[in-house]
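Tertiary structure, described
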Amino acid sequence: MDIELFNFPLPERLIAQHPSDRRDHSRLLVLNKATGRAEHQIFSDILGFLKPGDVLVRNDTRVIPARLYGVKLETNAHVEVLLLKEIHPDVYECLVGNAKTVKTGTRISFGNGLLIGTCLDLLEEGVRVIQFAYEGVFLEILEKIGQVPLPPYIHEPLADKDRYQTVYARVNGSAAGPTAGFHFTPDLLKAAKEKGVIVVDLTLHIGLATFRPVKVKDTSDHKMHFEQYQIDEAAAVCLNEAKRDHRRIIAVGTTSTRALEANFAKYGRFTACQESTDIFICPGYRFQAVDAIVTNFHLPKSTLIMMISAFAGRETILKTYAEAIEKEYRFFSFGDAMFIYGT
């Protein structure tokens, strides 16, 4: 499909620069994809659209302070590095600013020598494989010298760094936040459970697929990068029981959706595993795992708007996005949310 089919005009003023005062006070657009009807609520109203027996699937990944600023030991030139994923102990794929200056063997000092990186390999599009040497605990060093990698369209500083985490973030490893989950509070999750909603966690560490725009004209030419995900045995059993009983599986975010669909497509049922996926969900894809999605509003021409267009229909999504823009919903990471459901 032509990438321009997923384009739309978005006023810059609607790109949210900071989160709402309270997580569950962001706005919520509820879309019935079967009818195309949209309702306008606040996020805490999502309780009214959840049913006893629904399985709410969250991504419990935690964003690490993955952005590092260092200097090349050979020249003292400044280098910016973004950790994408760990491929071996202390060896990471990294997105490097001004990557042409970082070649095999280049050594970079971070935090006045608290961390020393050595480039082992050159990959495509500015990605480098870097091995890190240090004394102590790697994550503790990152907490001292690293920064949370906010998306490039956010230009204002974040007053509370915990707002770029979900309240249930648990497993360290992401280079970006699973933003649809930002709207949930402990009280809201407690109320959902009291209503009979079953909450299940999986882990997908968000990496380069989030940071890379689609650069091809035809979506069939786009290649997704691999992202690591994990589903444990208890989660798989719960999800298979929901399928058996025809109860809804509701994915919180496109990352949860991606993991669930990748897993079900590969095994024909939900199966405990720890592996990577490069699944690309765009119109023409037939959903097998997910019945409803909680999601934020996405960038034009992004793989994420392609995914929800596959779920609800491209024309329906673009019409709904136009309505959201007219009503001045806030877009992207710190923006408002959608709940998409319907057979």
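Refer to the structure presented above.
Residues numbered from 1 in each chain as written. Predicted model: local features only at pLDDT ≥ 70, side-chain atom pairs only at ≥ 80, totals over all residues. Heavy atoms only, no water.

Moving on to helix 2 (residues 186-194). Restricting attention to buried positions, one finds in helix 2 the residues Leu188, Leu189 and Ala192. Down the axis of helix 2, the buried set is contained in an arc of 100 degrees. They therefore lie on one face. Across from the buried face of helix 2, at angles greater than 90 degrees, the exposed residues are Pro186, Asp187, Lys190 and Glu194. As for helix 2, its buried residues are in contact with strand 3 (55-59). (Buried < 20%, exposed > 50% of the residue type's maximum accessible area, 1.4 Å probe, protein only. Helix = DSSP H or I, 4+ residues; strand = E, 2+ residues; numbered from the N terminus. Arc of directions from axis to C-beta. Contact = heavy atoms within 4.5 Å.)

Running from N to C, helix 6 (residues 303-312) and helix 7 (residues 314-326) cross one another at 115 degrees; their axes reach a closest spacing of 7 Å. Facing helix 6, whose interface residues are Ile305, Ile308, Ser309 and Ala312, helix 7 presents Arg314, Thr316, Ile317, Leu318 and Tyr321. Of the residues that constitute the contact of helix 6 with helix 7, the class distribution is 6 nonpolar, 2 polar and 1 charged. (Axes fitted to C-alpha atoms, helices over the stretch in contact; angles between N-to-C directions. Nonpolar A, V, L, I, M, F, W, Y, C, P; charged D, E, K, R; others polar.)

Ranked by internal contacts, the top residues of the largest apolar core, which has 65 residues, are Leu260 and Tyr321. For this core, the element with the most residues is helix 6, which contributes 7 residues. Those residues within four positions of Leu260 in sequence are excluded, and the remaining contacts are Val57, Leu202, Leu239, Ile249, Ala251, Phe270, Ala289 and Val290. (Core = buried A, V, L, I, M, F, W, Y, C linked by side-chain atoms within 4.5 Å.)

A few words on the pattern of salt bridges. When the charged atoms of two side chains with opposite charge come close together, those side chains can pair. Applying the stated criterion across every chain yields a total of 15 salt bridges. Measuring nitrogen to oxygen at the nearest pair gives 2.7 Å for the salt bridge that ties Arg248 to Asp54. Separated by 194 residues along the polypeptide, Arg248 in the loop between helix 4 (233-244) and strand 14 (249-252) and Asp54 in the loop between strand 2 (37-42) and strand 3 bring together distant segments of the chain. Asp201 is the partner of Arg58 in a salt bridge, and the nearest nitrogen-oxygen pair spans 2.6 Å. One end of the pair, Arg58, is in strand 3; the other, Asp201, is in strand 12 (residues 198-204), and 143 residues separate them in sequence. Overall, Arg58 belongs to the buried group, its relative accessible area being 10%. On the basis of relative accessibility, which here comes to 24%, the residue Asp201 falls in the partly exposed class. Three or more residues joined by partner-sharing salt bridges are found here, namely Arg62, Glu143 and Lys161. (Salt bridge = Lys/Arg side-chain N within 4 Å of Asp/Glu carboxyl O.)

With that settled, the discussion passes to the environment of Leu120. By the element assignment, Leu120 lies in strand 9 (residues 115-122). The class of Leu120 is partly exposed, set by a relative accessible area of 39%. Ignoring anything within four residues of it in the chain, the contact list for Leu120 reads Val91, Thr104, Val129 and Gln131.

Before going further, it helps to examine the environment of Asn296. Looking at the secondary structure, you find Asn296 in strand 16 (residues 292-296). Note on Asn296: relative accessible area 1%, which makes it buried. When neighbours within four sequence positions are excluded, Asn296 is seen to be in contact with Thr179, Ala180, His183, Tyr321, Phe332, Ser333, Gly335, Asp336 and Ala337. A distance of 3.1 Å separates the side chain of Asn296 from the backbone oxygen of Phe332, its partner in a polar contact. (Polar contact = N/O pair within 3.5 Å; in protein donor to acceptor, adjacent residues only side chain to side chain.)

In this section: unusual backbone geometry. Despite not being glycine, Asn112 has its phi angle at roughly 55 degrees, a positive value. For Asn112, the position within the fold is in the loop between strand 8 (107-110) and strand 9. Of the residues examined, Asn112 reaches a relative accessible area of 83% and is grouped as exposed. Positioned with a positive phi, Phe332 is a non-glycine residue whose angle comes to about 75 degrees. Positionally, Phe332 belongs in the loop between helix 7 and strand 17 (337-341). Exposure remark for Phe332: the relative accessible area of 5% places this residue in the buried category.

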